[in-house]
Amino acid sequence: MKNRQLAPILFAFLIVQRILELRLARANERWARQQGAVEYGQTHYPLFFVLHPTWMLALLLEGRKSGGRVLWPMLALFVLAQPLRYWVIRTLGRYWNTRILIVPGGKRVTGGPFRFMPHPNYAVVALEIAAAPLAVGAWRTATAYTVLNAALLLLVRLPAENAALAVYQTESKSSG
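My aim in this report is to walk through the structure given alongside it, one point at a time. All values derive from a computational prediction rather than experimental measurement. (Residues numbered from 1 in each chain as written. Predicted model: local features only at pLDDT ≥ 70, side-chain atom pairs only at ≥ 80, totals over all residues. Heavy atoms only, no water.)

### A look at the overall build of the chain
So, point 1. Summing up its helical and strand segments, the chain has five helices and two strands in all.
So, point 2. When the helices and strands of the chain are placed in sequence order, the string is α-β-α-α-β-α-α.
So, point 3. A compact globule built from 176 residues would reach a C-alpha radius of gyration of about 16 Å, and the chain, at 18 Å, matches this within 12%.
So, point 4. Taken over the C-alpha atoms alone, the chain extends approximately 60 × 25 × 25 Å along its principal axes.
So, point 5. The burial tally for the chain puts 42% of its 176 residues in the buried class.
So, point 6. Within the chain, contacts between residues separated by at least 24 positions form 87% of all contacts whose residues are at least 6 apart in sequence.
So, point 7. Of the roughly 9,800 Å² of accessible surface on the chain, 67% is carried by carbon and sulfur atoms. (Helix = DSSP H or I, 4+ residues; strand = E, 2+ residues; numbered from the N terminus. Rg over C-alpha atoms; globule rule 2.2 N^0.38 Å. Buried < 20%, exposed > 50% of the residue type's maximum accessible area, 1.4 Å probe, protein only. Contact = heavy atoms within 4.5 Å. Areas by Shrake-Rupley, 256 points an atom, 1.4 Å probe, with all protein chains shown as cover.)

Now the structure itself:
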C-alpha cells in the first residue's frame, strides 16, 4: 500500500475517533458540572482545537504528497496505541475529559495505566502524533507536531493539570 492511499484512511479514522471522543467528553463534562466540578486551564483549551485538526490535516496533505510505501512498523505503533487510549478512557470512566475538571469529593484515579505513569493519555497522544504521520511518510508533520504537542503539554497543560490536582488534594485534606 502507498502512503497516498493510507493517508486518507488514517485521516478519516482520526476524524471519526475524535468526534466520538468529543461527544463522550461533553457527556462527561455535563455530569461533572452537575456534581459541582470546577474547570482549570480554560484559556489554553482552544489551543488543542487548533493543534489536533491541523495535525490531522497536515498528516493527510503530506501523506498524500509522499510517494513512498507505508512504514508498517509506525502504523503498527499507531494501532497498538489505540487499546492504550481506550484503557485510559475506561479507567477514568466519567472522569475522562478533554478539559481539566475537578469534581468535589472525587477520588484520584490510581488504577489501570495510572499505576505506571501519572498522565498516560498524554503519552498515547504523543505516540499517535509521531507514529501516524511517520506511517505515511509525513516526517515534517511528525516532527513539527511532536514539538508543538510537547511544548503545549510540558509548558501549559501539565502545569495547569498538576496545579488543579494540588488544589484538589489541599481541599481534600482540609475537608477530611
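### Topic: the environment of Ala-131
So, point 1. With respect to the helices and strands, the residue Ala-131 is situated in helix H4 (residues 120–135).
So, point 2. A relative accessible area of 1% places Ala-131 in the buried class.
So, point 3. The sequence separation of Ala-131 and Pro-73 amounts to 58 residues, and the corresponding C-alpha distance is 8.8 Å.
So, point 4. Not counting residues within four places of it along the chain, the set of residues in contact with Ala-131 comprises Met-74, Leu-77 and Phe-78.

### Quick notes on the packing of aromatic side chains
So, point 1. In total, this model carries four aromatic pairs according to the counting rule given.
So, point 2. Between Phe-13 and Phe-78, the aromatic rings sit 6.0 Å apart at their centres with planes inclined by 85°, giving edge-to-face as the arrangement. On the criterion of sequence distance, the pair formed by Phe-13 in helix H1 (residues 3–34) and Phe-78 in helix H3 (residues 72–92) is long-range, its members being 65 residues apart.
So, point 3. What makes Phe-78 buried here is its relative accessible area of 3%.
So, point 4. Residue placement shows Arg-99 over the ring face of Tyr-45; its charged tip is 3.9 Å from the ring centre. (Phe/Tyr/Trp six-rings, centres within 6.5 Å; stacked < 30°, edge-to-face > 60°. Lys NZ or Arg CZ within 6 Å of the ring centre and 35° of its normal.)

### Some points on the environment of Ser-66
So, point 1. Note on placement: Ser-66 falls in the loop between helix H2 (45–65) and H3.
So, point 2. Judged by its relative accessible area of 18%, Ser-66 is buried.
So, point 3. Once the C-alpha coordinates of Ser-66 and Tyr-40 are considered, the two residues, 26 residues apart in sequence, prove to be 40 Å apart.
So, point 4. With residues up to four places along the chain from it excluded, the contact list for Ser-66 reads Asn-3, Arg-4, Val-136 and Gly-137.

### A word on the nonpolar core
So, point 1. If you look at the biggest cluster of nonpolar residues, it comprises 26 residues, and the most contacted ones within it are Leu-10, Trp-55, Leu-59, Leu-75, Phe-78 and Val-136.
So, point 2. Elements represented by at least two residues in this core include exactly H1, H2, H3, H4 and helix H5 (139–175).
So, point 3. Ranked by the residues each element gives to this core, the list is headed by H2, at seven residues. (Core = buried A, V, L, I, M, F, W, Y, C linked by side-chain atoms within 4.5 Å.)

### Details of the packing of H1 against H3
So, point 1. With their axes 14 Å apart at the nearest point, H1 and H3 run at an angle of 5° to one another. Considering the angle they form, H1 stands roughly parallel to H3. Facing H1, whose interface residues are Leu-6, Leu-10, Phe-13, Leu-14, Gln-17, Arg-18, Glu-21 and Leu-24, H3 presents Leu-75, Phe-78, Gln-82, Arg-85, Tyr-86 and Ile-89.
So, point 2. Looking at side-chain class alone, the contact of H1 with H3 contains nine nonpolar, two polar and three charged residues. (Axes fitted to C-alpha atoms, helices over the stretch in contact; angles between N-to-C directions. Parallel < 35°, antiparallel > 145°, perpendicular 65-115°, else oblique. Nonpolar A, V, L, I, M, F, W, Y, C, P; charged D, E, K, R; others polar.)

The quantities given are spatial measurements derived from coordinates; they are silent on function.
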